[in-house]
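Now for the letters of each chain:
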Amino acid sequence: MIAVANQNPAPAQTTKKTPATRKTSLYRLRSTSPPDPEELRDMVLPRYLDRDGFHATPVEHGPVRGFLVTGTTVPGPADWCSALAALSGEPVVEENRTAFGLLLVRTHKAVYALTYGMGHLMIDPARIDPGFGIEFAVRCLDEERITKVRRQVMDARGRTDENSAASGEHIRGFGIEEFGEIVSQIAGKISGVPLTFTRDRTRAAHVTGTDRSVKLHLGSDPSDLLADLRSIEEVCARPNPLPEFEFITQVRPLAPKTEQAQYLDERLDSLLGAGDVSRMALAIPTECRDRFEFAESFKVKLGRRGELLTELDVSFLVDSVKDRTQGKRLHALREGRVEMFADTAAKDRLSRKVPADQWLTVEIPAEAVHYFYWQGRWYEVGAEYLTTIRRRVTELLAQPSTVPLPPWPSGKDETGYNELVAEQDGYVFFDKKNVHTGRLRGGGLEICDVLGPQGQLIHVKKAIKGSAPLNHLFAQARVSMETLRHDTEARSKFIEKIEDLAPGHPVDRSFATPTVVLGILLKDGVPLTVDSLFAFAQVSLLHTATALQGMGAKLEVVSISRDPRT
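Read on for an overview of the structure. (Residues numbered from 1 in each chain as written. Predicted model: local features only at pLDDT ≥ 70, side-chain atom pairs only at ≥ 80, totals over all residues. Heavy atoms only, no water.)

1. As for the packing of helix H9 (residues 383–398) against helix H13 (residues 535–550)
Inference 1: Across the interface, H9 lies against H13 with an axial gap of 10 Å and an inter-helix angle of 55°. What the angle tells us is that H9 and H13 run oblique. Judged by the sense of rotation from one axis to the other, the crossing of H9 with H13 is left-handed. The residues of H13 that touch H9, namely those facing Tyr 385, Ile 389, Arg 390, Arg 392, Val 393, Leu 396 and Leu 397, are Gln 538, Val 539, Leu 541, Leu 542 and Ala 545. (Axes fitted to C-alpha atoms, helices over the stretch in contact; angles between N-to-C directions. Helix = DSSP H or I, 4+ residues; strand = E, 2+ residues; numbered from the N terminus. Parallel < 35°, antiparallel > 145°, perpendicular 65-115°, else oblique. Left-handed = near helix turned anticlockwise from the far one by under 90°. Contact = heavy atoms within 4.5 Å.)

In structure tokens, the structure reads:
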């Protein structure tokens, strides 16, 4: 048991019996095997070992061998005292007290950290074994009794979702996609794992697994604790997750200070120096996603260099840092900032200053897995995950289109090409004919580039410089469909434009089940295939298809070729 001394002891009370178990956050740490007491000490951040009010000591208690650190900080008066005193007219003088408890325990297989209070802050982050919590949870959770799932969509949107079910429900009820989603937390009941908490067999244990830790009841007796750790190790040693959870393990985040993450940082820094953008794309940070479509300009600050751009692309970010010395390029992006504005004069701000590296997505292939830099963090992606994505994209691209799009003549810009498409019978030119409402700030919203003969909403993009234009295209398709479905004023104004430009057009004015067409021209007019699309563009495309399907729309993807004469 870990105790923190009370500097203001209360009157003596009857000693309470220690409960048989206590809910604890458990981390697995990287170490040599078996670690000695000095190495255990090295797993703690040095500033806590010699800090006033903290106590650190080796532990040999029954079968437990480890290292204990406890302490309490008293940073001074709470920062709300003056505000509360001003409101009440009474003096308010209260202090914050923060207790830290950390016990490192060795087994024959690993070192574990049991944390209490704010004890997790004392662990050296580089020592934490990433993925441990998810690894354990997906091998023993009851798929019928999941209580919480937190996940991130791994595409240009960067959305984070969290769903809870107090009484528990089947994992499928949480609507997790089999591709492109990172489950960073999953909680529920476990069965078939012998723990001190379940010894009487009358109750199920509840666990929460994250990408760093497991929270569960562990035994308070040394022998019970080691028995619980052996049970956890037995679960983690199972070769595969349970079938219902297998997809979750295909994508896992890497802790920033691990050796693998630092090695990947070096690889990315070298790619930046080479100016190689073939496996890079623009990623829209989570906090910028909702307003990105309304951005008319971007203010980029990298070191002393500041630029105002009407369009942000990955080549600009790379070119801005590639001439810096080795090891300084990625750092420059992490220190740099990007702001979005709704006007070209950079007066109407749409976002805060977001770190520039969070606008960058990078793929680094390896033999068995791939690594991705996304939203400022590295992720490891398994081969089965990539196979699933490729299969789904191949199926989507193979679907026939109701809209024939002509070859794209060399020398024509997007507006010129859209005019060419609109020359066909039944087509209507809508490029830059934006819809303006009070909600649609700045330049308004372009519902589509061309309206097809059966009301198809056609969006066209030339993507010859990486995947950034594709991310913009996918976002435009989603936002325009959301606007038509949920913004009555915008839908009415779009219908007015249709009546003005093409009276009697057969488009369904309700837009209940429209067809959205994405016409894409790749560099040199190469065919649009699973091999010619950057991996994250594939993820974004699949999520776009899912999002549109959820709004009642069908997605068609058309590969645009170059003019045969060129």
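2. Some words on the nonpolar core
Inference 1: Counting 57 residues, the largest nonpolar core has Leu 457, Phe 494, Leu 541 and Leu 555 as the members making the most contacts within it.
Inference 2: Looking at this core element by element, the count peaks at 8 residues for H13.
Inference 3: Apart from the residues within four sequence positions on either side, Leu 555 is in contact with Leu 396, Gln 399, Val 516, Leu 518, Leu 541, Ala 545 and Leu 548. (Core = buried A, V, L, I, M, F, W, Y, C linked by side-chain atoms within 4.5 Å. Buried < 20%, exposed > 50% of the residue type's maximum accessible area, 1.4 Å probe, protein only.)

3. What about the packing of aromatic side chains?
Inference 1: One pass over the full model with this rule turns up 12 aromatic pairs.
Inference 2: On the numbers, 5.1 Å between centres and 50° between planes, the contact of Phe 430 with Phe 494 is tilted. Taken as a pair, Phe 430 in the loop between strand S20 (428–429) and strand S21 (450–451) and Phe 494 in helix H12 (residues 488–501) lie far apart in primary sequence, 64 residues in all.
Inference 3: Since its relative accessible area comes to 1%, Phe 430 is described here as buried.
Inference 4: Residue Phe 494 is classed as buried on the basis of its relative accessible area, which comes to 1%. (Phe/Tyr/Trp six-rings, centres within 6.5 Å; stacked < 30°, edge-to-face > 60°.)

4. Topic: helix H7 (residues 314–321)
Inference 1: Within H7, 6 of the 8 residues are buried, which leaves it mostly tucked inside the rest of the structure.
Inference 2: Each element contacted by the buried residues of H7 is listed here: helix H6 (259–274), strand S12 (280–282), strand S13 (297–302), strand S14 (305–309), helix H8 (329–335) and strand S17 (360–365).
Inference 3: One side-chain oxygen at the N-terminal end of H7 lies 3.2 Å from the backbone nitrogen of Ser 315; it belongs to Asp 313. (Polar contact = N/O pair within 3.5 Å; in protein donor to acceptor, adjacent residues only side chain to side chain.)

5. Observations regarding the sheet that holds strand S23 (residues 515–522)
Strand pairs in the sheet, formed through backbone hydrogen bonds, run parallel or antiparallel to each other.
Inference 1: Pairing in this open sheet of 5 strands is mixed, and the strands run S20-S21-S22-S23-S24 from one edge to the other. Looking along the sheet, the strands with just one partner apiece sit at the ends: S20 and strand S24 (554–559).
Inference 2: Here 2 bridges tie S20 to S21, and the two strands are oriented antiparallel to one another. Bridge assignment links Val 428 to a residue of S21, and that residue is Leu 451. (Pairing = 2+ DSSP bridges.)

6. Considerations on a positive patch on the surface
Inference 1: There is a patch of like positive charges on the surface, built from Lys 299, Lys 301, Lys 347 and Lys 353.
Inference 2: With respect to the helices, strands and loops of the structure, Lys 301 is situated in strand S13. (Patch = residues over 30% accessible without salt bridge, like charges linked within 9 Å, V, L, I, M, F, W, Y side chains within 5 Å. Areas by Shrake-Rupley, 256 points an atom, 1.4 Å probe, with all protein chains shown as cover. Salt bridge = Lys/Arg side-chain N within 4 Å of Asp/Glu carboxyl O. Lys, Arg positive; Asp, Glu negative; His and termini not counted. Charge placed at Lys NZ, Arg CZ, Asp CG, Glu CD.)

7. Description of the pairing of strand S1 (residues 21–29)
Inference 1: Of all 9 residues in S1, 7 are buried, a share of seventy percent or more.
Inference 2: Here S1 runs beside strand S10 (residues 213–219); their pairing, made up of 7 bridges, is antiparallel. When the sheet's bridge partners are listed, Leu 26 is paired in S10 with Val 214.
Inference 3: Pairing between S1 and strand S5 (residues 111–117): 5 bridges, direction antiparallel. Bridged to Arg 28 within S5 is Tyr 112.

8. A short note on the side chain of Ser 184
Inference 1: By the secondary structure assignment, Ser 184 is in strand S8 (residues 181–190).
Inference 2: Leave out the neighbours within four places in its chain, and Ser 184 touches Ile 134, Arg 150, Arg 151, Gly 209, Thr 210 and Asp 211.

9. Regarding unusual backbone geometry
Inference 1: Although it is not a glycine, Ala 346 adopts a positive phi angle of roughly 60°.
Inference 2: Within the fold, Ala 346 resides in the loop between strand S15 (337–341) and strand S16 (354–355).
Inference 3: Positive phi is not limited to glycine here, since Phe 511 has a value of about 50°.
Inference 4: As for its position among the elements, Phe 511 is in the loop between H12 and S23.

10. A look at the sheet that holds S17
Inference 1: What the 5 strands build is an open sheet, ordered S11-S19-S18-S17-S12; its pairing is antiparallel. A single partner strand is all that each edge strand has here, and the edge strands are strand S11 (251–253) and S12. Across this sheet, the average inter-strand angle for adjacent strands is 20°, counted without regard to direction.
Inference 2: In this sheet, strand S19 (residues 377–382) lies alongside strand S18 (residues 369–374) in antiparallel orientation, the contact comprising 6 bridges. By the bridge assignment, Phe 372 is partnered in S19 with Tyr 379.

11. Section: helix H5 (residues 222–236)
Inference 1: An ideal rise of 1.5 Å per residue puts 21 Å on 15 residues; H5 measures up with 21 Å between its terminal C-alpha atoms.
Inference 2: Across the 15 residues that make up H5, a large majority, 11, are buried.
Inference 3: Where H5 is concerned, the buried positions are Pro 222, Asp 224, Leu 225, Leu 226, Asp 228, Leu 229, Ser 231, Ile 232, Glu 233, Val 235 and Cys 236.
Inference 4: Two or three places before Ser 223, at the opening of H5, Asp 221 has a side-chain oxygen 2.9 Å from that residue's backbone nitrogen. (Expected span 1.5 Å × (residues − 1).)

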